Amino acid sequence: MGSGSSGPTARDLGEVRLLNRMQGLDIGAGGGNSRILDMQYTNIAAYTGVRVMYRNYSSSQAMTVQGAVVAGAANPTVDGNTLTWSNVLFSGASSIVVPLGSGAGSDFIPGFVISDEVSLNSVARNDGGSKVILRVRTAYSDNSNICSVPSTSWNSTNIATGYQFIRELSTNPLANIKTYSGTPFDAGGSLSPDAVFFRMAQPYYSQESYGDSLTQSTGSVDTSAGWPQQTQFLAATDAARITTANYAVIGQTHTATYDTLTARLAAGTLPTIMTMFGHSINSGSNQAAFDASWVRVQAAYASCVSAGVTFGACYNPPSSGVSDTLIQQQNTRLSTLPLAIKFDFYTALQLGGVLNPLYDNGDGVHINPAGQLVMAGVVKTAYQGAGIW
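None of the values given here were measured: they were computed from a predicted structure.

**Q** Explain the overall build of the chain here, please?
**A** Looking only at helices and strands, the chain has 7 helices and 19 strands in total. A buried classification covers 55% of the 389 residues belonging to the chain. Long-range pairs, those at least 24 residues apart, make up 81% of the contacts in the chain between residues at least 6 apart in sequence. Working note: accessible area of the chain is about 14100 Å², and carbon and sulfur atoms make up 51% of it.

**Q** I would appreciate a short explanation of the packing of helix α2 (residues 227-238) against helix α7 (residues 369-385) in the present structure.
**A** If you want to describe how two helices pack, look at the angle between their axes and the distance between the axes. Two elements in contact, α2 and α7, have axes separated by 8 Å at closest approach and are oriented at 60 degrees. Relative to α7, α2 is oriented oblique. With respect to the hand of their crossing, α2 and α7 are arranged in right-handed fashion. In this structure, α2 uses W227, Q230, T231, L234 and D238 to contact α7, whose residues at the interface are Q372, L373, M375, A376, G377, V379 and K380. Its residues placed into classes, the contact of α2 with α7 shows 6 nonpolar, 4 polar and 2 charged.

**Q** Explanation requested: the side chain of T244 in the structure shown.
**A** Here T244 lies in strand β14 (residues 242-246). A polar atom in the side chain of T244 sits 2.8 Å from the backbone oxygen of P228. Setting aside anything within four residues of it in sequence, one finds T244 in contact with E15, Q207, P228, Q229, T231 and Q232.

**Q** Would you explain unusual backbone geometry in this entry?
**A** Working note: non-glycine residues mostly have negative phi, and peptide bonds are mostly trans. Of note, the phi angle at S91 is positive, near 50 degrees, even though the residue is not glycine. Secondary-structure assignment places S91 in the loop between β5 (86-87) and β6 (96-98). A positive phi is found at A239, a non-glycine position, where the angle reads about 55 degrees. With respect to the helices and strands, the residue A239 is situated in the loop between α2 and β14. With a relative accessible area of 64%, A239 lands in the exposed category.

**Q** Explain the pairing of strand β9 (residues 132-141) here, please?
**A** Each regular strand shows side chains that alternate between the opposite faces of the sheet. β9 sits mainly inside the fold: 9 of its 10 residues count as buried. The pairing of strand β4 (residues 63-73) with β9 spans 8 bridges and is antiparallel. Of the residues in β9, the one forming a bridge with V70 is V136.

**Q** In this structure, what is going on with the nonpolar core? I would like to understand it.
**A** Counting residues in hydrophobic clusters, the biggest one holds 31 residues, and the most contacted among them are L261, F311 and L337. If you tally residues by element for this core, the top one is helix α4 (residues 287-307), at 6 residues. Excluding residues within four positions of it along the chain, L337 makes contact with W294, V297, Y301, F311, A313 and K342. Of all hydrophobic cores here, the second largest spans 24 residues; its members include M63, V70, F90 and V132.

**Q** I'm lost on α2 in this one. Help?
**A** What sets the pattern is the α-helix's 3.6 residues per turn: residues three or four places apart point alike. Here α2 spans 16 Å end to end across 12 residues, near enough to the 16 Å set by a 1.5 Å rise per residue. Within α2 the residues assigned to the buried category are W227, P228, Q229, Q230, T231, Q232, F233 and A235.

**Q** Please clarify how the packing of aromatic side chains should be interpreted in this entry.
**A** For any pair of aromatic rings, the description consists of the separation of the ring centres together with the inter-plane angle of the planes. Under the counting rule described, the total for this entry stands at 9 aromatic pairs. Ring centres of Y301 and F311 lie 6.0 Å apart, and the angle between their planes is 85 degrees; on these two criteria the pair is classed as edge-to-face. In this pair, Y301 sits in helix α4 while F311 sits in strand β16 (residues 310-314), placing the two residues 10 residues apart along the sequence. A single burial state applies to Y301 and to F311, both of which are buried. When the ring of F343 is compared with that of Y383, the centres are 5.7 Å apart and the planes differ by 85 degrees; the resulting orientation is edge-to-face. Separated by 40 residues along the polypeptide, F343 in strand β17 (residues 341-343) and Y383 in helix α7 bring together distant segments of the chain. Judged by relative accessible area, which is 0%, Y383 ranks as buried.

About the thresholds
Residues numbered from 1 in each chain as written. Predicted model: local features only at pLDDT ≥ 70, side-chain atom pairs only at ≥ 80, totals over all residues. Heavy atoms only, no water. Helix = DSSP H or I, 4+ residues; strand = E, 2+ residues; numbered from the N terminus. Buried < 20%, exposed > 50% of the residue type's maximum accessible area, 1.4 Å probe, protein only. Contact = heavy atoms within 4.5 Å. Areas by Shrake-Rupley, 256 points an atom, 1.4 Å probe, with all protein chains shown as cover. Axes fitted to C-alpha atoms, helices over the stretch in contact; angles between N-to-C directions. Parallel < 35°, antiparallel > 145°, perpendicular 65-115°, else oblique. Left-handed = near helix turned anticlockwise from the far one by under 90°. Nonpolar A, V, L, I, M, F, W, Y, C, P; charged D, E, K, R; others polar. Polar contact = N/O pair within 3.5 Å; in protein donor to acceptor, adjacent residues only side chain to side chain. Pairing = 2+ DSSP bridges. Core = buried A, V, L, I, M, F, W, Y, C linked by side-chain atoms within 4.5 Å. Expected span 1.5 Å × (residues − 1). Phe/Tyr/Trp six-rings, centres within 6.5 Å; stacked < 30°, edge-to-face > 60°.

Below, the structure written as structure tokens:
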């Protein structure tokens, strides 16, 4: 099964998400009727504008953004009071109620909004750093749900009160995390805003990935870089104009992955590429389950093509307890999608029809960090074949 496809079209949109599943933080009630969350993001190159994505991880508790501002920063420790802030608007309004999410557990689909674009030129670093910095400051109502309920066994990370979190896009996965001493906060959730879209000064290719643990990866925070993040690290090393954002959730069913992807398509400000596996064993492992997943894949593919987004077809690797015949059948189906770019993870990760022990985290199903890096190499090769790396 080949990995060829027609090449995606470059845009000037780059996307940065904090982590594939950032920790939750209770910052408590603020003064008056709001509380302020100050966050920093780094981008791999110069930008001329930004949009901010807010996601509500509750199906019952509202998230009210009372106001938000953005500014370029010359270094990670710059005093926010010295920055030149620009207002963030939502369809021309300064405040917004982020819609409630739906579903439960791993199949929860957050509500989200994307702001209007703010014209904002990046500021050159004055501390020797090469990644330009964006500061985002958001005022939430005191009753806003700005972080999700912890739902995984990930390690806690200590962050000081009034913390700054810096997501560095570098060749070292551990550089994603900056830990400060302070009160620990719960692990396994997601902060909002958890993504920023940058209007890049040059054409870029942006990739969003959806799915379960095969995409999110597993393990502690320090070893959790899944293949989308590993792809970003490789791109940074090669100076390839590619950004990635990982929206996968451990334990998510294939149905919920499809629903999340299609909801994202409806929101606009779209990436160049959206990826999805042919099947998830969270949805079953018999022929009927694979057939149902194929129906969803075809629908997702058609929706992406209609929206001008390239569909990234991810081939399932071998999985303990699941028929290899069914897995290969599904991968063959994916190979027939004419306008998709194909990532043949099966060939790269298998040995004798089972998951290669070198890439197995011990259960014959999940991929270890070495395997995630191999998967990133598959993506790199596919992109090179499409002429975008």
